[in-house]
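Architecture at a glance
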Amino acid sequence: MLSNKEHTFLSGMHQTFREMSVRDANSTSTKKNPRFPDARGQAILSAIISEHLVTGEPVGSKTVSEKFSNAYGWSSATIRNVMSELEDAGLVEQPHTSAGRVPTDKGYRFYVDNLLGVLSLTDEDLELINRELGVSENETPDRLMERTSSLLSALSQNVGIVVSPSISNDRLQHIEFVKLSDKRILVVMVSAPNIVHNKIIRLEDPITQEELDRTARYLNTEFSGKSLSLIRTEILRLMHEEKTLFDKLLQTAIILCSQSIESEDLGEVYVGGTSNIVSKPDFSNFERLRSLLRTLEEKSRLVQILNECIARDISAKDNVQIVIGSENLAPSLQNCALIAAPYRVDAGTTAGTLSVIGPTRIEYARMISIVSYVARMLEKMMLDEQPNS
């Protein structure tokens, strides 16, 4: 049972998503190709894709004819001719001579850009999202992102990925250093909006707790509200300009800041549902499957791919980005559909990315709706539901 607070939060998110969906659908309608395919070709292409998404099998003219059996002027011969025209245009293809047609990457692209209409979530998907990703008090961001990737994989039956905000871009609210044994230092950093980061670093030279406390006071006093990457750059500049007694303090500060964000510039990656794709017939080619699994394990490469996806259309600030098959620059993803959206915190800055990766034969309308809604929900939760915010 949802509390009043949870009900209000989720209702507001749902209304925002509905308005965004209508806006996105209106902008999409301007992309139609005025030359080909015409209305009849679009209807048949949509029918082929809808059937193929369900069965995974080539779609023959007889199956399409049955769908339009009550439509005037839609004879079997006409439908066969239109299917041939779609093939000539590169929107569908025949796996072999006696087979029906399957959509090509180009066909899926036309379908996504022109034929989806108004996107909306089903009541069943909304119920699952609201139940699994509802407002949760005192939950760490790490746990929230882990649950989000698992939710995306469960909804899509594919791979769900969430990339956390990069620590290097976080604005400092407070930082402390605690001396441990063996030259190890515990770094406790609170960044906006009230996100706590803990990391253990190891230094080459010993350092006293007094020096650590002095460095923390200096950073908290001089650099509160600035990002760690900017702090590091600023300290380096001061070290070159000021040859004073502060040199030792500045040297300690730059070492601690550099170590604190080393290997964290890309953000943490949470991947759920990798096992979902292993049994899919779309990934029956073992070498392709192994290459895909290797990519999913390479954190830096995966973040780069998702960042490139989000950057494809920088004017589409809140829109989901879709990369289909051969549109992917990474060879391991050229049999995949990548559906991704940014989530933003802290005055509109892009904080991270969430996405679904699956075969090109994926439920585009449903996945776009899910990814868009979950991104906005995660964004809202990170802005409003952080402890002590």
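Residues numbered from 1 in each chain as written. Predicted model: local features only at pLDDT ≥ 70, side-chain atom pairs only at ≥ 80, totals over all residues. Heavy atoms only, no water.

1. Observations regarding helix α13 (residues 299-310)
Residues spaced three or four apart along an α-helix point in a common direction, a consequence of the helix completing one turn every 3.6 residues. The condition is simple: Each helix corresponds to a stretch of at least 4 residues labelled H or I by DSSP, and each strand to a stretch of at least 2 residues labelled E; elements are numbered beginning at the N terminus. In this scheme, a helix's expected span is set at 1.5 Å multiplied by one less than its residue total. Burial classes: relative accessible area under 20% of the type maximum marks a residue as buried, over 50% as exposed, and values in between as partly exposed (1.4 Å probe, protein chains only). Within this analysis, the arc is defined by the directions that extend from the helix axis to the C-beta atoms.
For α13, built from 12 residues, the straight-helix expectation of 16 Å at 1.5 Å per residue is met to within 8% by its first-to-last C-alpha distance of 17 Å. Those residues of α13 not exposed but buried are L302, V303, I305, L306, C309 and I310. Looking straight down α13, one finds its buried side chains confined to an arc of 160°; they lie on one side.

2. Here's the deal with the packing of helix α12 (residues 286-297) against α13
Our working rule: Comment: axis = line fitted to C-alpha atoms, over the contacting stretch for helices; angle = value between 0 and 180 degrees taken between N-to-C directions. An angle below 35 degrees is read as roughly parallel, one above 145 as roughly antiparallel, one from 65 to 115 as roughly perpendicular, and any other as oblique. By definition, residues are in contact when any of their heavy atoms lie within 4.5 Å. Three classes are used, and their members are as follows: Ala, Val, Leu, Ile, Met, Phe, Trp, Tyr, Cys and Pro are nonpolar, Asp, Glu, Lys and Arg are charged, and the others, Gly among them, are polar.
Direction vectors running N to C along α12 and α13 enclose 95°, while the axes themselves pass 5 Å from each other. Judged on the interaxial angle alone, α13 and α12 are roughly perpendicular. Counting all contacts with α12, which are made through T295, L296 and E297, the residues of α13 involved are K299, R301, L302 and I305. Across the contact of α12 with α13, the residue classes tally to 3 nonpolar, 1 polar and 3 charged.

3. What to know about the sheet that holds strand β4 (residues 172-179)
To keep things clear, this is the line we draw: Two strands are counted as paired when DSSP detects at least two bridges linking them.
With respect to topology, 3 strands assemble into an open sheet ordered β4-β5-β6, the strand pairing being antiparallel. Here the strands that pair on one side only, and so sit at the sheet edges, are β4 and β6 (195-202). For this sheet the average axis-to-axis angle between neighbouring strands, irrespective of direction, equals 20°. For strand β5 (residues 184-191) and β6, the ladder comprises 8 bridges, and the chain directions are antiparallel. Bridge pairing in β6 places V187 opposite K199.

4. Observations regarding unusual backbone geometry
Backbone geometry at Q157 places phi at a positive 55°, although glycine is not the residue there. Examined against the element boundaries, Q157 turns out to sit in the loop between α7 (141-156) and β3 (159-163). The exposure class of Q157 is partly exposed, given its relative accessible area of 45%.

5. Topic: the pattern of salt bridges
What counts, and what does not: By definition here, a salt bridge exists when the distance from a side-chain nitrogen of Lys or Arg to a carboxyl oxygen of Asp or Glu is within 4 Å.
This structure, assessed with the given rule, holds 12 salt bridges. Here R131 and E132 are joined by a salt bridge, their closest N and O atoms 3.6 Å apart. Classification of E132 by relative accessible area gives partly exposed; the value is 38%. Each of R109, D113 and E327 takes part in one network of salt bridges that share partners.

6. Side note on the packing of helix α2 (residues 39-55) against helix α5 (residues 105-114)
Two elements in contact, α2 and α5, have axes whose closest approach is 11 Å; the angle formed by their N-to-C orientations is 110°. The pairing of α2 with α5 is recorded here as roughly perpendicular in orientation. Where α2 approaches α5, its residues Q42, L45, S46, I49, H52 and L53 are matched on the opposing element by G107, Y108, F110 and Y111. Residue classes in the contact of α2 with α5 are distributed as 6 nonpolar, 4 polar and no charged.

7. Some remarks on the pairing of β5
Two strands pair when backbone bridges link them, and β4 and β5 are joined in this way by 7 bridges, in the antiparallel orientation. By the bridge assignment for β5, F177 is matched with V187. Hairpin connection from β4 to β5: 4 residues lie between these consecutive antiparallel strands, with D182 at a positive phi of about 60°.

8. Topic: the side chain of K280
Threshold: For the purpose of counting charges, residues Lys and Arg are taken to be positive, whereas Asp and Glu are taken to be negative. His and the chain ends are not included.
Within the secondary structure, K280 is located in the loop between α11 (274-278) and α12. Put simply, K280 is tucked away with no salt bridge, and the nearest opposite charge, on D282, sits 5.8 Å away. Those residues in contact with K280, other than ones at most four positions away along the chain, are Q157, N158 and P359.

9. Some words on helix α6 (residues 123-132)
Buried within α6 are the following residues: D125, L126, I129 and N130. An end-on view of α6 places all buried positions within 125° of arc, on one side of the element. Structural note: α6 exposes D123, E124, E127 and R131 on the side pointing more than 90 degrees away from its buried face.

10. Things to note about the environment of R290
Rules: Polar contact is the term for a pair of N or O atoms within 3.5 Å; when the atoms are in protein, one must be able to donate a hydrogen and the other to accept it, and sequence-neighboring residues count only if both atoms are side-chain atoms.
Tracing the chain through its elements places R290 in helix α12. Along the chain, R290 and S332 lie 42 residues apart, while their C-alpha atoms are 8.7 Å from each other. A polar contact is formed between the side chain of R290 and the side chain of E287, at a distance of 2.8 Å.

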